[in-house]
Amino acid sequence: MTTIILAIIIGAAFGAALDRIGATSPNWIGRMLTLTNLHLMKTILLAIGVGSALMFGGQTLGLVEVANMSVKTAYVGVAIGGLLLGAGWAAAGYCPGTGVAAAASGRRDAWSFVAGGLLGAAAYMVSYPAWNGSGLLDGAKLTLGEVPGAGYPGLTGLPGDILGLVMAAVMIAVAFLLPDRIVSRPAGAPAE
Amino acid sequence: MPLNWKSGGVVLGLVFFAAVLLVKPIGVSTQFVILDAIIADAANPGLITKTEAGHTSTNAYLAKSGGKYAGNAADPLNYSFIFVLAMAGGALVSVLLRGGLGEDERRMPAIWRANYGDTPWKRHALTFLGGFVVLYGARLAGGCTSGHMMSGTMQTAISGYIFTVAAFAAAIPTAMILYRREV
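Residues numbered from 1 in each chain as written. Chains lettered and ligands numbered in written order. Predicted model: local features only at pLDDT ≥ 70, side-chain atom pairs only at ≥ 80, totals over all residues.

## Topic: the overall build of chain A
Counting its regular elements, chain A contains seven helices and zero strands. Each helix and strand of chain A, ordered N terminal to C terminal, gives the series α-α-α-α-α-α-α. Dimensions of chain A, computed from the C-alpha atoms along their principal axes, are close to 55 × 45 × 40 Å. Evaluated residue by residue, chain A yields a buried proportion of 58% over its 192 residues. (Helix = DSSP H or I, 4+ residues; strand = E, 2+ residues; numbered from the N terminus. Buried ≥ 20, exposed ≤ 12 C-beta atoms within 10 Å, placed from the backbone.)

Listed below in structure tokens is the structure:
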């Protein structure tokens, strides 16, 4: 029962946060991916940095359960799937989480995204044996460095918890250093 | 206007942290499979069956990892499924609290209208196709923007970095080709 209550509280907080940062709006996703307004990119980088710093910092102090980490396997299919997801994400302006949140917020095009998503997931369920047989799903669960007590081997021999804190600091620094936009404004376009 | 990136980033970062502190890292895309399995099992009751140890399925994907997905579909009242439903509820409440979306945005986002005019059926066709490709890709990758990009890189998972690089490598050129007009 406790886990269901936590699911409701953390899930609702996540959905509200996605809405408030603009991630459920294809307009903000489009601005980020065309590199014309990196506000959302800065938000996400800062969020990952803050979450990561608290997690690794808390682990170092013994306040956060290392066993709560859940690292996914790295395999060739991650890259292929990432490319597919990236193309669809850019075209639709939604990813799985923000698509569901946007559908709930009343965006009608997000309902067709969710419907397409259910069909896409079903198509993967059916085609899974072929992928599994191809060897493209074979790999290992790795972190940058071995995190003490987490049970995942490190890609490098460096201490994973310290490296985690360093990466968190890098994410936060990049969030601050990223310019507001990268692509220059088209000639003749009015200034904001 | 969304929250300033500094406040928004800290708020979202605290949510990520709360998830990994109290339960486990955030993930969404698996639940599309779980909902599919619930629907398919209702239509075709032989799909998911009970075993001595838990559940299994005639579908190899639902049966993998000891029938974990089959079990979650048989009992949808589990953390990950409720999490996604609550996420939808949280987004709705948040939108309503800030006065709701305008009818124009509900019909189609401004970026679409600026580039392709008021063409709702074209927009629906593209988001449907987009949804298909996104979820097929997410399941092949074993996670999506939340599970890999956010939760993965937060934990310094190599899979998270691979996914993030691949997703942006496809997303940036696609967006630049499709959405030339700024909003």
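## As for the overall build of chain B
Broken down by element type, chain B carries nine helices and two strands. Beginning at the N terminus, the succession of helices and strands in chain B can be written as α-α-β-β-α-α-α-α-α-α-α. When its C-alpha atoms are laid out on the principal axes, chain B stretches across 55 × 40 × 35 Å. The buried share among the 183 residues of chain B stands at 53%. For chain B, the proportion of contacts with a sequence separation of at least 24, taken over those separated by at least 6, is 44%. (Contact = placed C-beta atoms within 7 Å.)

## With respect to the environment of B:Gly89
On the secondary structure map, B:Gly89 appears in helix H4 (residues 79-97). With residues near it in sequence (within four places) discarded, B:Gly89 still touches A:Ala12, A:Gly15 and A:Ala104.

## Regarding helix H9 (residues 158-178) of chain B
Its 21 residues place the ends of H9(B) 30 Å apart at the C-alpha level, agreeing with the 30 Å of an ideal helix rising 1.5 Å per residue. For H9(B), the complete set of buried residues consists of B:Ile158, B:Ser159, B:Gly160, B:Tyr161, B:Ile162, B:Phe163, B:Ala166, B:Ala167, B:Ala170, B:Ala171 and B:Ala175. Tucked into the core, H9(B) has its buried residues touching helix H2 (26-33) and helix H4 (76-92) of chain A together with helix H7 (120-141) and helix H8 (145-154) of chain B. (Expected span 1.5 Å × (residues − 1).)

## Topic: the interface of chain B and chain A
Accessible area lost on assembly of the parts is the figure often given for the size of an interface. Every contact between the two is made by 106 residues of chain B and, on the other side, 106 residues of chain A. If one sorts the elements of the side of chain B that touches chain A by residue count, H7(B) sits on top with 18 residues. The residue inventory of the side of chain B that touches chain A, partitioned by class, reads 72 nonpolar, 25 polar and nine charged. (Nonpolar A, V, L, I, M, F, W, Y, C, P; charged D, E, K, R; others polar.)

## With respect to H7(B)
Residue and element names in this part refer to chain B. In this model H7 runs 31 Å from its N-terminal to its C-terminal C-alpha over 22 residues, within 8% of the 32 Å that 1.5 Å per residue would give. In terms of burial, H7 is largely enclosed, as 16 of its 22 residues are buried. Phi turns positive, to about 80°, at Gly142, one or two residues after H7.

## So, the nonpolar core
The tendency in soluble globular proteins is for nonpolar side chains to be buried as a group. Within the largest apolar cluster, 125 residues are counted, with the highest numbers of intra-cluster contacts made by A:Trp89, A:Val100, B:Phe16, B:Met87 and B:Ala91. When residues in this core are grouped by element, the largest group, twelve residues, is from helix H3 (residues 39-60) of chain A. When residues of this core are sorted by domain, at least three fall in each of domain 1 (1-101) and domain 2 (105-183) of chain B. (Core = buried A, V, L, I, M, F, W, Y, C linked by C-beta atoms within 7 Å. Domains from an automatic or database assignment.)

## Observations regarding the domain arrangement of chain B
Residue and element names in this part refer to chain B. What the domain assignment lists for chain B is domain 1 (1-101) and domain 2 (105-183). A separation of 19 Å is found between the C-alpha centroids of domain 1 and domain 2. Looking at the side of domain 1 that touches domain 2 residue by residue, the classes come out as seven nonpolar, two polar and no charged.

## Digging into the confidence of the model for chain B
Scored by pLDDT, chain B has a mean of 97; 100% of the residues are at 70 or more. Scored by ipTM, the complex comes to 0.97, with pTM at 0.96. (pLDDT = per-residue confidence, 0-100.)

## Focus: the packing of helix H1 (residues 2-20) of chain A against helix H1 (residues 5-22) of chain B
Contact geometry for H1(A) and H1(B): axes closest at 10 Å, N-to-C directions at 160°. Here H1(B) runs roughly antiparallel to H1(A), going by the angle between their axes. Crossing of H1(A) over H1(B) shows left-handed handedness. Each of A:Leu6, A:Ile10, A:Ala13, A:Phe14, A:Ala17 and A:Arg20 in H1(A) lies in contact with H1(B), whose residues at this interface are B:Gly8, B:Val11, B:Leu12, B:Val15, B:Ala18, B:Ala19 and B:Leu22. Looking at the contact of H1(A) with H1(B) residue by residue, the classes come out as eleven nonpolar, one polar and one charged. (Axes fitted to C-alpha atoms, helices over the stretch in contact; angles between N-to-C directions. Parallel < 35°, antiparallel > 145°, perpendicular 65-115°, else oblique. Left-handed = near helix turned anticlockwise from the far one by under 90°.)

## Some details on the environment of A:Leu136
All names here are of chain A. In this fold, Leu136 is placed in the loop between helix H6 (108-134) and helix H7 (160-177). By C-beta crowding, Leu136 is classed as partly exposed, having 17 other C-beta atoms within 10 Å. Sequence-wise, Leu136 and Gln59 are 77 residues apart; in three dimensions their C-alpha atoms are separated by 33 Å. Excluding residues that lie within four positions of it along the chain, Leu136 makes contacts with Tyr75, Val76, Gly77 and Trp131.

## Comments concerning the packing of H8(B) against H9(B)
Residues and elements named next belong to chain B. Where H8 meets H9, the axes come as close as 8 Å, and the angle between the chain directions of the two elements is 140°. Here H8 is positioned oblique relative to H9, judged by the angle of their axes. Relative to H9, H8 is oriented so that their crossing is left-handed. Packed against H8, whose contacting residues are His148, Met149, Gly152 and Thr153, the element H9 presents Ser159, Gly160, Tyr161, Phe163, Thr164 and Ala167 at the interface. Tallied by class, the residues present in the contact of H8 with H9 amount to four nonpolar, six polar and no charged.

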